[in-house]
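Residues per chain are reported as follows:
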Amino acid sequence: MPGDRKMARAIIGPGGGFVFAGCLMVLALGTRASDYEAPGFATGLPVGGIAMLWLLLRGARVLSWDGALLLVVGVGANLVLGSKPELAVALAGAVLVQTVLGVLLLRLWCPDLWGCGGQRPLDRPRVLARFGVAMVVGTAAGAALATASWTLLGDGDLDLGGVLWFGRNACSAFIVVTFGLLLGQRITSRRPRPRLLSEATWAELAAAVLFTVGMYGLAFSFETLPLAFPLLAATVWIGLRFSTLLSATHSFLAGVATIFLTMTGIGPFAAVDRVEIGYLLAEFYIATLVVTGLGLSTGRDEREALAAELRRTKEEADYQGSVRQAVIGSMNEGLFVLDAAGALLLHNAAAAEIFGLAEQELTCELLAARSDRWADGTPMVDGDRPSSRALLGETVRDAEILVRNGDQPDRVVAVSAMPLPRDELRARARALVLFRDTTIEHARREELAAFAGVVAHDLRNPLAAIDGWTEMIADELDTGGLDAELAREFVSRVRSSSRRMRELIRDLLTHATSSARDLEVSCVDVGSLVAEVASGRHAEKNVTCGPVPPLLADRVLVRQVLDNLIGNALKYVAPGVEPRIAVHGCSGKLGFVTIRVIDNGIGIPEGEREQIFDEFHRAHYRDYEGSGLGLSIVRRIINRHDGTITALANPDGPGSVFELTLPAYDG
Ligand code: ADP
C-alpha cells in the first residue's frame, strides 16, 4: 500500500468510511431542516467533493465496502430529502459512478499527487489542470446519469436539473478535494515543512483576512449591486502571497460562506429571481475563486521550486568548480584546455611554470612559439602539433618536445593531448593538453645509452685479450712447444686482463650505487680516514695528513672519495718517481671545510681539468690503466653533500691539487 494511503488511513482510522457516511447524512438532514427545496441532493450539499475525498483517502478500489457504503448513504440521504425510493437508488448510483470515475482519472493523470498514489502536494499548474479535467469529466458523467434517472423515474419538472447537478458537484469536488488533499499532505509530510505563510507574514495574513471579510460584507450587504467582483481581489492577494494550502483554505471558507449566506437568503446570489439560477451562479463564482487562487499559488510554487533547484544546481556547480580548480592547481603536470579558435579556456600554474611564464601571460600563440621543436631538435610543423591533432579528434600520448624557456636552459617535455566534447554553443572543437617535464629523465636516458655503450666497449677489450692469450696457450699446447717461461708469461697476461675486468665491474657498481645510497651523516675525522686508506693501499710512508677540521658527512662515502683521490695520486706518477701525497684542511666559508689533496704526479693537461670528472673521460689512457669512473663517483658524492671539487695544477712543482669542500661539523 502506498505510503500516502497508509497515512491517510491513519488519519481517518479504520472506520473512516463511517465518518464520511455520517458527515453526508448530517449534511442531508441539515439541508432538510433548512427551508430550501430542490430535487435530489440539495443544491448546497457538497456531496461530489466529500465522496471523492472519501474514496481517495481510503484508497478504495472500484468495488469496495466504501463504495457500497456510499451507495447506501446516498440512497438514505435522497430518501431523507424526499425522493421516491427508485429515484433515490438511481441518483445514489449516479453519485457512485461520478465518484469512482473522478477518482480513477485522478489516480491515472496525477499519480505523484498525495492521495492519488504519490507524495507531492498540489504545487504545479499542469497537475491542477489535469485535476480539474478529472473532476469535470467525473461530475459530467454523474450529471448525465442523474438527468437520465429524472427523465425516466422523476415526476417533477426537469428544467435545469442536469446543469445544477453538474454545477454543485463540480464546484464541491474542486473545493473539498483540493483542500482535503493539501491538508492531508501537509499533516503527513515530514518536517521541516515549507512555510505555511510562504513569503508573507502573520500581519499580512491578518490584513488579507480582514480585507476578505470586508469585501464579503460589502458584497453581501448591498445585494442589489453587482459587487461580487472585488471578492476576487482577496483571492488574488492570498494566491500570490501565501502557500497553496492557505489559498485552498481561503477558497474553501469563502465557498462555504457564499453557499451558507445564499442558503440563508443573504447576498447577491440569493437575490436572483430563480433560486436555482442564484445557486448556479454562486457555484460558478466559487469555482472561479478556487481556480484563480490555486492557479496563482501553484504557479508561484512551481516558480519557487525551479528557483530553488536553480540555486542548488548553481551551488553544486560552484562547489564542483572549486574542487576542480583545487585539483588542477595542485597538479605537478602542466594542463591546459584550448579550442579550435585558439582560445585558452583553462590552465594551471604548473603549465605556466614549465613554459617559464607568469599565469596571466599564457596565450596559445606564446605556448606555440616556445615549443616549436621536437625533442631531437627537428622543427615542428603546425598540423603535427599534439594540440592540433587532438582538436581533429586524435589522441596523442607522451610526444617529447623541446620547450624554449626564456633565459633558462631548454626543457624536454612529454606532451599528451586528447579531444574533449565539442563546444556546441560556439561550434568549436576543444582539446585537453597535459605536460610533464622529462628533462632529467631524458638526460638520464641519454646518459644511460652512452654509459651502456662505453661499458660494453671497455669490458670487451680485456675479454678479447683473455680470448687471444688463451687461444695462444692452446696452440702452443697442440704443437707441444709450450715451455714454462712462456706459459707463465701468458698466464700473467690473462690474470692482468681479468683483474682489469674485475676493477671495471667494481667501479661500475660503485658508480651505480653512489647516488642510490641514503646519506647517513655524522661527525667524520678526515685524518683517521686518510690513515685507513693509506694503510689499505700499503702506502703509509707516501701519504701525510695535516690537521683537518671535522666534517658532518657520510663516513663511508667520504672514505670512498679519499680512496679514489689517493689511489689516483699513487697511480699517476712518472716512472721511477716515489709518490708523495699530502692532505691538508682548513675551515672554509659558510660552514664548509676545504680539503686539498696534493700530489707530485704527472699532472693533468690544462684543457682537461674539468672533463676528467665526466664518466669514462681519461686523460692518460695510453700509459695507465683505469675505468674513467673514479672521479665522476667522487664528484657525485661531493655534490650530494652540497660541496664542490676542482682539479688544479700543483703550484709548488709537478703534480696536481684536488680541492674539495664538504660540510663542517659544528658541534
Ligand atoms: P681512472 O680510472 O682512469 O683513474 P678517474 O675518473 O679516477 O679514472 O680519473 C680520470 C682521469 O683523470 C684519469 O684517467 C687521469 O687521466 C686523470 N687523473 C685523475 N687523477 C689524477 C692525478 N692525481 N694526476 C694526474 N691525472 C689524474
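That block above? That's the structure.
Only a predicted model underlies this, so the values are computations on that prediction, with no experimental measurement involved.

A.B. asks: How should the sheet that holds strand β12 (residues 645-649) be read in this particular structure?
C.D. replies: Backbone-to-backbone hydrogen bonds join strands into a sheet, with any given pair of strands oriented parallel or antiparallel. Spatially, five strands are ordered β8-β10-β11-β13-β12 in an open sheet, and the strand pairing comes out mixed. Of all the strands in the sheet, the pair left with one neighbour each is β8 (543-545) and β12. Ignoring strand direction, the axes of neighbouring strands in this sheet form an average angle of 20 degrees. Relative to strand β10 (residues 581-587), β8 runs parallel, the two sharing three bridges. Directly across from C545, in β10, lies its bridge partner V583. Contacts between helix α17 (residues 526-536) and the sheet are confined to β8, β10 and β11 (592-599), with β8 contributing the most and set at about 170 degrees to the helix. Here helix α18 (residues 555-571) sits on the sheet and contacts β8, β10, β11 and β13 (656-663); the angle it forms with β13, its principal contact strand, is near 175 degrees.

A.B. asks: For this particular structure, what's the right way to read the pattern of salt bridges?
C.D. replies: Side chains carrying opposite charge are able to pair once their charged atoms draw close together. What the rule picks out here adds up to 31 salt bridges. With a closest N to O distance of 3.3 Å, R385 and D382 form a salt bridge. D423 is paired through a salt bridge with R426; the nearest N and O atoms lie 2.7 Å apart. A residue is classified by how much of its surface remains accessible, and D423, at 9% relative accessible area, is buried.

A.B. asks: Sorry, what's going on with the site of the ligand here?
C.D. replies: Residues in close proximity to the ligand total 20 residues, the closest being N568, Y572, R618, H620 and L631. Between an oxygen atom of the ligand and a main-chain N or O atom of S627, the distance comes to 2.8 Å. Elements with a minimum of two residues in the shell around the ligand: α18, α19 (630-640) and β13. Here the element with the most residues in the shell around the ligand is α18; it accounts for three residues. When its residues are assigned to classes, the shell around the ligand shows eight nonpolar, nine polar and three charged.

A.B. asks: Hey, could you run me through the environment of T646 in this one?
C.D. replies: Tracing the chain through its elements places T646 in strand β12. The residues contacting T646, other than those within four sequence positions of it, are F613, V657, F658 and E659.

A.B. asks: Help me out: how do you make sense of unusual backbone geometry in this one?
C.D. replies: Glycine aside, residues mostly have negative phi angles, and peptide bonds mostly take the trans form. Cis geometry is found at the peptide bond from R191 to P192, where omega equals 0 degrees. Secondary-structure assignment places P192 in the loop between α7 (161-188) and α8 (202-221).

A.B. asks: Quick question: what am I supposed to make of the nonpolar core here?
C.D. replies: Side chains of a nonpolar character, in soluble globular proteins, are inclined to be buried together. The biggest cluster of nonpolar side chains holds 64 residues, and the ones touching the most others in it are W54, L106, L113, W165, V177 and L181. Tallying contributions element by element places α7 first for this core, with ten residues. The residue makeup of this core includes at least three contributed by each of domain 1 (1-193) and domain 2 (194-302). When near neighbours in sequence (up to four residues on either side) are disregarded, W54 contacts G17, F20, A21, L24, D66, L69, L70 and V73. Ranked by size, the runner-up nonpolar core spans 43 residues in total, among them V533, V558, I604 and I637.

A.B. asks: Hey, could you run me through a nonpolar patch on the surface in this one?
C.D. replies: On the surface, a cluster of nonpolar side chains totalling about 300 Å² of accessible area is made up of L519, V521, L552 and Y665. With respect to the helices and strands, L552 occurs in strand β9 (residues 551-554).

A.B. asks: So what exactly am I meant to see when it comes to the sheet that holds strand β3 (residues 373-374) here?
C.D. replies: Taken in spatial order, the six strands of this open sheet run β2-β1-β6-β5-β4-β3, and their pairing is antiparallel. Each having just a single partner strand, β2 (344-347) and β3 make up the two edges of the open sheet.

A.B. asks: Explanation requested: the side chain of N542 in the structure shown.
C.D. replies: In this structure, N542 sits in the loop between α17 and β8. The class for N542 is buried, based on a relative accessible area of 8%. Polar contacts involving the side chain of N542 include one to the main-chain carbonyl oxygen of P579, which spans 2.9 Å. Residues contacting N542, with those up to four places away along its chain left out, are L570, E578, P579, R580 and I581.

A.B. asks: What is the right way to look at the packing of aromatic side chains in this model?
C.D. replies: Aromatic ring pairs are described here by two measures, namely the spacing of the ring centres and the angle between the planes. A complete count under the given rule lists twelve aromatic pairs for this structure. Arranged with centres 5.2 Å apart and planes meeting at 45 degrees, the rings of F336 and F435 form a pair that is tilted. Taken together, the residues span a long stretch of sequence, with F336 in strand β1 (residues 334-339) and F435 in strand β6 (residues 428-437) at a distance of 99 residues. What makes F336 buried here is its relative accessible area of 5%. When its relative accessible area of 3% is taken as the criterion, F435 is described as buried.

A.B. asks: What am I meant to see in the pairing of β2 here?
C.D. replies: Regular strands have side chains that alternate between both faces of the sheet. With three bridges connecting them, β1 and β2 associate as antiparallel partners. Bridged to L338 within β2 is L344. Hairpin connection of β1 to β2: four residues between the antiparallel strands, including G342 at a positive phi of 85 degrees.

A.B. asks: Sorry if this is basic, but what is going on with the environment of L245 here?
C.D. replies: Position of L245 relative to the elements: it lies in helix α10 (residues 244-263). Judged by relative accessible area, L245 falls into the buried class, the value being 10%.

A.B. asks: Just to check I follow, could you spell out the pairing of strand β5 (residues 411-423) for this structure?
C.D. replies: By the bridge criterion, six bridges tie strand β4 (residues 396-403) to β5 in an arrangement that is antiparallel. Of the residues in β5, the one forming a bridge with A399 is V415. Examined bridge by bridge, β5 and β6 share nine bridges and lie antiparallel to one another. Bridge pairing in β6 places A414 opposite R436. Between β5 and β6, which pair antiparallel one after the other, the connecting turn spans four residues, and A427 there sits at a positive phi close to 50 degrees.

Each value, and the rule that gives it
- Residues numbered from 1 in each chain as written.
- Predicted model: local features only at pLDDT ≥ 70, side-chain atom pairs only at ≥ 80, totals over all residues.
- Heavy atoms only, no water.
- Pairing = 2+ DSSP bridges.
- Helix = DSSP H or I, 4+ residues; strand = E, 2+ residues; numbered from the N terminus.
- Axes fitted to C-alpha atoms, helices over the stretch in contact; angles between N-to-C directions.
- Contact = heavy atoms within 4.5 Å.
- Salt bridge = Lys/Arg side-chain N within 4 Å of Asp/Glu carboxyl O.
- Buried < 20%, exposed > 50% of the residue type's maximum accessible area, 1.4 Å probe, protein only.
- Near = heavy atom within 4 Å.
- Polar contact = N/O pair within 3.5 Å; in protein donor to acceptor, adjacent residues only side chain to side chain.
- Nonpolar A, V, L, I, M, F, W, Y, C, P; charged D, E, K, R; others polar.
- Core = buried A, V, L, I, M, F, W, Y, C linked by side-chain atoms within 4.5 Å.
- Domains from an automatic or database assignment.
- Patch = residues over 30% accessible without salt bridge, like charges linked within 9 Å, V, L, I, M, F, W, Y side chains within 5 Å.
- Areas by Shrake-Rupley, 256 points an atom, 1.4 Å probe, with all protein chains shown as cover.
- Phe/Tyr/Trp six-rings, centres within 6.5 Å; stacked < 30°, edge-to-face > 60°.

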